[in-house]
Amino acid sequence: MPAFDPDERDRGWTYRTLTSIVVPRPIGWISTTSTDGVDNLAPYSFFNVATTDPPTVLFSPGRRSYAEDGRTDTARNARATGEFVVNLVTGAFAEAMNESSATLDPGESEFDHAGLERAASTVVSPPRVAGVAAAMECEIREIQRIGAHELVLGEVVRFHLADRLLTDDDRVDVTEVDAVGRLASSWYDWTEDRFEMERPD
């Protein structure tokens with residue numbers, strides 16, 4: 001098996017390799033609101049759970065050479081306001097999610113660009129994407145700079161869950177979560193085939 005030293009490869013090779021073998025990656029569809037009141041929406045496949053106590057999620061926006069401060073609109077808004085919302089991307093929203101990844105002027109809203117309706121949040125200011133099966137309202141706990149990215153950690157202060165996801169005792173039925181995942185380049189997948197294994201004692 002060939003071995004490669006990332007220090008001897010360019011950043012593009014390293015990016016393509018990491019995003020091709022760390023798959024599938026969940027997509028954090030992050031909505032924020034700027035200090036000027038513009039609602040921003042963007043997908044991040046560098047996204048996951050950090051801890052469950054307190055419930056905390058993370059996403060990692062990269063730097064942008066075209067931005068005056070090097071930050072994406074999402075990163076700038078989250079830092080300025082201390083708030084964001086994570087919206088679940090399912091098959092029905094895949095096209096709209098992709099549309100929201102377009103590079104727009106900070107004064108333009110991806111909600112409007114992608115033809116998406118807003119739903120009011122309960123605790124934070126940024127809106128949710130109307131109609132998604134799940135959303136998490138988050139307040140910033142910490143932001144760290146790691147190399148070419150920032151690591152944004154947010155505590156979940158409200159969960160919004162569609163009735164179809166819930167069992168009678170308010171647990172999420174994972175067989176109902178048809179999440180879209182990111183692969184590499186222009187490739188995605190969605191949760192279709194599932195299998196179950198019991199963890200050994």
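The structure under discussion appears in the preceding block.
These numbers were taken from a predicted model, which means no experiment stands behind them. Every chain's residues receive numbers from 1 upward, in the order its sequence appears when written. Side-chain atom pairs in this predicted model are given and counted only at pLDDT of 80 or more, local residue features only at pLDDT of at least 70, and totals for whole chains, interfaces and linings cover all residues. Water and hydrogen atoms were dropped before computing side-chain values, which therefore reflect all heavy atoms in the structure.

**Structural notes on the overall build of the chain**
Thinking step 1. Looking only at helices and strands, the chain features four helices and twelve strands.
Thinking step 2. Relative to a compact globule of 201 residues, whose C-alpha radius of gyration would be 17 Å, the chain shows 17 Å and is just as compact.
Thinking step 3. Seen along its three principal axes, the alpha-carbon backbone of the chain occupies a region of about 55 × 50 × 35 Å.
Thinking step 4. Burial here depends on accessible area, computed with a 1.4 Å probe over protein chains only, as a share of the maximum for the residue type. Under 20% is buried, over 50% is exposed, and the range in between is partly exposed. For the chain, the proportion of its 201 residues judged to be buried stands at 39%.
Thinking step 5. For the chain, long-range pairs separated by at least 24 residues make up 57% of all intrachain contacts whose partners lie at least 6 apart in sequence.
Thinking step 6. Think of it this way: Lys and Arg go in the positive column, Asp and Glu in the negative one, and His and the chain ends go nowhere. By convention, the charge on Lys lies at NZ, on Arg at CZ, on Asp at CG and on Glu at CD. Separation between the mean location of the 19 positive side-chain charges and that of the 36 negative ones in the chain comes to 6 Å. Runs of H or I in DSSP of at least four residues are treated as helices and runs of E of at least two as strands, each being numbered from the N terminus. Put simply, the radius of gyration uses C-alpha atoms, and a globule should come to 2.2 Å times the residue count raised to 0.38. Here, residues are in contact when the closest pair of their heavy atoms is within 4.5 Å.

**A short note on unusual backbone geometry**
Thinking step 1. Each neighbour pair has its own omega, and for Val 23 with Pro 24 the value is -15 degrees, a cis peptide bond.
Thinking step 2. Looking at where Pro 24 falls in the secondary structure, it is placed in the loop between helix H1 (11-21) and strand E1 (25-26).
Thinking step 3. The residue after Asp 53, namely Pro 54, is reached through a cis peptide bond having omega 0 degrees.
Thinking step 4. As for its placement among the helices and strands, Pro 54 is situated in the loop between strand E4 (47-52) and strand E5 (55-59).
Thinking step 5. Backbone geometry places Asp 170, a non-glycine residue, at a positive phi of 65 degrees.
Thinking step 6. For Asp 170, the location among the structural elements is in the loop between strand E10 (149-161) and strand E11 (180-182).

**Re the sheet that holds E1**
Two strands in a sheet stick together by hydrogen bonds in their backbones, pointing the same way (parallel) or opposite ways (antiparallel).
Thinking step 1. The rule for pairing is simple: two strands pair if DSSP sees at least two bridges between them. Spatially, E1-E11-E12 is the arrangement adopted by the three strands of the open sheet, whose pairing is antiparallel. With one partner strand each, in any of the chains shown, E1 and strand E12 (188-190) form the two edges of the open sheet.
Thinking step 2. As defined by bridge partners, E11 adjoins E12 across three bridges and the pair is classed as antiparallel. Each residue of the ladder has a partner; that of Val 180, found in E12, is Trp 190.

**Describing the nonpolar core**
Thinking step 1. Judged by nonpolar contacts, the single largest core of 16 residues is most densely connected at Trp 29, Leu 41, Val 89, Phe 93, Leu 116, Val 129 and Val 132.
Thinking step 2. With sequence-adjacent residues up to four places away left out, Val 129 is seen in contact with Trp 29, Leu 41, Asn 87, Phe 93, Phe 111, Leu 116 and Glu 117.
Thinking step 3. Grouped together as the second largest cluster of nonpolar side chains are twelve residues, Ile 30, Phe 47, Val 57 and Cys 138 included. Think of a nonpolar core as a cluster: buried Ala, Val, Leu, Ile, Met, Phe, Trp, Tyr and Cys residues, connected wherever their side-chain atoms sit within 4.5 Å.

**Focus: the pattern of salt bridges**
Thinking step 1. Salt bridge, as used here: a side-chain nitrogen of Lys or Arg that lies within 4 Å of a carboxyl oxygen of Asp or Glu. This structure, assessed with the given rule, holds eight salt bridges.
Thinking step 2. As a salt-bridge pair, Glu 150 and Arg 79 come within 2.7 Å of each other at their nearest N and O atoms. With a gap of 71 residues between them, Glu 150 in strand E10 and Arg 79 in helix H2 (residues 73-81) connect regions that are remote in the sequence.
Thinking step 3. When its relative accessible area of 40% is taken as the criterion, Arg 79 is described as partly exposed.
Thinking step 4. For the salt bridge of Asp 112 with Arg 118, the shortest nitrogen-to-oxygen distance reads 3.0 Å.
Thinking step 5. With a relative accessible area of 52%, Asp 112 lands in the exposed category.
Thinking step 6. Residue classification places Arg 118 among the partly exposed positions, given a relative accessible area of 36%.
Thinking step 7. Connected via shared salt-bridge partners are Asp 39, Asp 112 and Arg 118.

**Focus: the sheet that holds strand E3 (residues 39-44)**
Thinking step 1. Spatial strand order, E3-E2-E6-E9-E10-E5-E4: seven strands in an open sheet with antiparallel pairing. Strands with a single pairing partner mark the edges of an open sheet, and in this sheet they are E3 and E4. Adjacent strand axes in the sheet meet at a mean angle of 35 degrees when their direction is disregarded.
Thinking step 2. Strands in contact with H2 are strand E2 (28-33), E3, E5, strand E6 (83-87), strand E9 (134-146) and E10; relative to E2, the strand with the most contacts, it is inclined by about 55 degrees. To obtain each axis, a line is fitted to C-alpha atoms, and for helices this fit is confined to the stretch in contact; angles are then taken between N-to-C directions over 0 to 180 degrees.

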